[in-house]
Amino acid sequence: MPVPSKRSAAFYAAYFSVLGVVLPYLGPYLQHRDVTAVGIGLVTAAFSLSKLAYAPVLGTAVDRGFWMRGMLTLHVGVSLVVAFALRSLGDDPWSLGIAFFLVGLGYGTVLPLVEATILERLSQRTYGWLRVWGSIGFVVAASVAGPVIAPDIVTRFPIVLTVALAVLLLACVPLERATRPTSGSRRERLPAVVWCLLALLTLHQVAHGPYYAFFSIHLEENGYTSLTVGGMWSLGVAAELVAFVASPWLHRWLGLRRLLGLSLLLSPGRWLLLALPLSTGTLIIAQLGHALTYALAHLAGIQLVQANVPVGATRYAQALYSGLGFGLGIVVGTACAGPLYQRVGGGGSFLVAAIFAAGLFVAWVPLGGRLLQERSPERDAPAN
């Protein structure tokens, strides 16, 4: 069954609106609950850990034909219930960590299932246009959530998160049939070059650890208001949105391999800007750089993975991409960011990220030429 583009756009908008609540405001929420810097890093990591622990297993089963009624809505429903229960939890980091692990378990599972189906049925150059709606959802959620949450973040953050998850649940309902595979396939091995690419993309997310866990706190400690924090997050995603809109032209001009290489080349500069003494000008430039460090890397990375995997392994590969890059990568990055931030502060943490990111570009150079850039017709067809 074809994936309706309007419903897919609504799904992307709803899915990333949840991140528009979590990424800017989870750190300050935990800080207001007296969680230490190390604890903030670990709780933030727990939110992404489930993508690695569960999503690839489910992706493999779905590739082989497993499906159950309400697969998508059931998983989001788990996240919604736990998010609603956050207000009754104490300030113990372990309880909060388990809660956000469960929120991430349901929330993070649905994206690779939907996205693998979309990538099977769309040409590579149209993916960016559809993914734009995720950026729009993030910007709207981050901009609206800031003023709503600011007066009482401890009480209002769980409510706003629950509302965002409820919208996502509604967006998943019409995609249940379209996402279901028509039949199972035999399990295919992933080529070594795909594992190398996944490793590189995972490490690229590790370098984002200080940004995901402490960017908001870093700004607040330097005198910026909650409204400015939300605005800076929104600016970054607005830049990401522009990159996705321009993706067909960028794809034709540079190709996927050069796009990913460009992202890896320029990423150290963004983190270096955040390591310097903060000013409005450097913050704006750094956040505009989100188009390079995230949007181009994701745009090229997800499609290079799809182009280089065999038929019958697409959901497994996309679950690995999500689980390793946005699961393990963020887990390691944010978990390491906690003690790093506690020891050297925000500037030192972003300097370490810049040095680490520079090493990743060096590692990319021999890998890039080994990757296929375009999918074969067999990979473009739906898996049987």
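Located above this text is the structure these notes cover.
The following refers to the structure shown. (Residues numbered from 1 in each chain as written. Predicted model: local features only at pLDDT ≥ 70, side-chain atom pairs only at ≥ 80, totals over all residues. Heavy atoms only, no water.)

Time to look at a nonpolar patch on the surface. A surface patch of nonpolar side chains, about 360 Å² in accessible area, is lined by L272, L276, L351 and I355. Considering the arrangement of structural elements, one finds L276 in the loop between α12 (247–275) and α13 (280–288). (Patch = residues over 30% accessible without salt bridge, like charges linked within 9 Å, V, L, I, M, F, W, Y side chains within 5 Å. Areas by Shrake-Rupley, 256 points an atom, 1.4 Å probe, with all protein chains shown as cover. Salt bridge = Lys/Arg side-chain N within 4 Å of Asp/Glu carboxyl O. Helix = DSSP H or I, 4+ residues; strand = E, 2+ residues; numbered from the N terminus.)

Turning next to helix α3 (residues 55–63). Among the nine residues of α3, seven are classified as buried, and the element is accordingly described as predominantly covered. For α3, every residue scored as buried is listed here: A55, P56, L58, G59, T60, V62 and D63. Structurally, α3 contributes buried residues whose contacts are with α2 (37–53), α4 (71–84), α5 (93–121) and α15 (314–368). (Buried < 20%, exposed > 50% of the residue type's maximum accessible area, 1.4 Å probe, protein only. Contact = heavy atoms within 4.5 Å.)

Helix length check: helix α9 (residues 192–206) (15 residues) gives 21 Å between terminal C-alpha atoms against 21 Å at 1.5 Å per residue, within 8%. For α9, every residue scored as buried is listed here: V193, V194, L197, L198, L200, L201, T202, H204, Q205 and V206. Where α9 is buried, its residues touch α10 (209–221), α12, α14 (290–308) and α15. (Expected span 1.5 Å × (residues − 1).)

The next thing to look at is the packing of aromatic side chains. Using the criterion set out here, one finds 16 aromatic pairs in the structure. When the ring of Y29 is compared with that of F157, the centres are 4.6 Å apart and the planes differ by 25°; the resulting orientation is stacked. A residue pair is termed long-range when its members are at least 10 positions apart, and Y29 in helix α1 (residues 5–32) and F157 in helix α7 (residues 153–172) qualify at 128 residues. When the centroid spacing of 5.5 Å and the interplanar angle of 85° are considered together, the rings of F215 and W233 count as edge-to-face. Of the two residues, F215 sits in helix α10 while W233 sits in helix α11 (residues 226–245), which places them 18 residues apart along the sequence. Accessibility classification places F215 together with W233 in one group, the buried group. These aromatic residues form a ring-pair network of at least three members: F138, Y211, Y212, F215, W233, W271 and F350. The positively charged end of R131 is found above the aromatic ring belonging to F16, 3.8 Å away from the centroid. The ring centre of Y211 lies 4.4 Å from the NZ or CZ of R270, which sits over that ring. (Phe/Tyr/Trp six-rings, centres within 6.5 Å; stacked < 30°, edge-to-face > 60°. Lys NZ or Arg CZ within 6 Å of the ring centre and 35° of its normal.)

Here we come to the side chain of S349. Position of S349 relative to the elements: it lies in helix α15. Since its relative accessible area comes to 1%, S349 is described here as buried. Here the side chain of S349 touches G345 through a polar contact of 2.8 Å, landing on its backbone oxygen. (Polar contact = N/O pair within 3.5 Å; in protein donor to acceptor, adjacent residues only side chain to side chain.)

The next subject is the pattern of salt bridges. Applying the stated criterion to the full structure yields one salt bridge. In this structure, the salt-bridge partner of E240 is R131, at a minimum N-O distance of 3.6 Å. With E240 in helix α11 and R131 in helix α6 (residues 127–149), this residue pair connects regions lying 109 residues apart in the sequence. Overall, the relative accessible area of 5% leaves E240 in the buried class.

The subject of this paragraph is the side chain of T73. The topology assignment puts T73 in helix α4. Excluding residues within four positions of it along the chain, T73 makes contact with L169, C172, V173 and E176.

This part covers the nonpolar core. In terms of nonpolar packing, the biggest core is built from 122 residues, with F11, F157 and L161 touching the most fellow members. When residues of this core are assigned to their parent elements, the largest contribution, 16 residues, is made by α15. Setting aside residues no more than four positions away along its own chain, L161 makes contact with V18, V21, V22, A83, L86 and F100. (Core = buried A, V, L, I, M, F, W, Y, C linked by side-chain atoms within 4.5 Å.)

Take the environment of V103 next. Along the polypeptide, V103 turns up in helix α5. For V103 and S79, which are 24 residues apart along the polypeptide, the C-alpha to C-alpha distance reads 4.0 Å. The residues contacting V103, other than those within four sequence positions of it, are F47, S79, V82, A83 and L165.

Without other data, these values stay purely geometric and don't point to any function.
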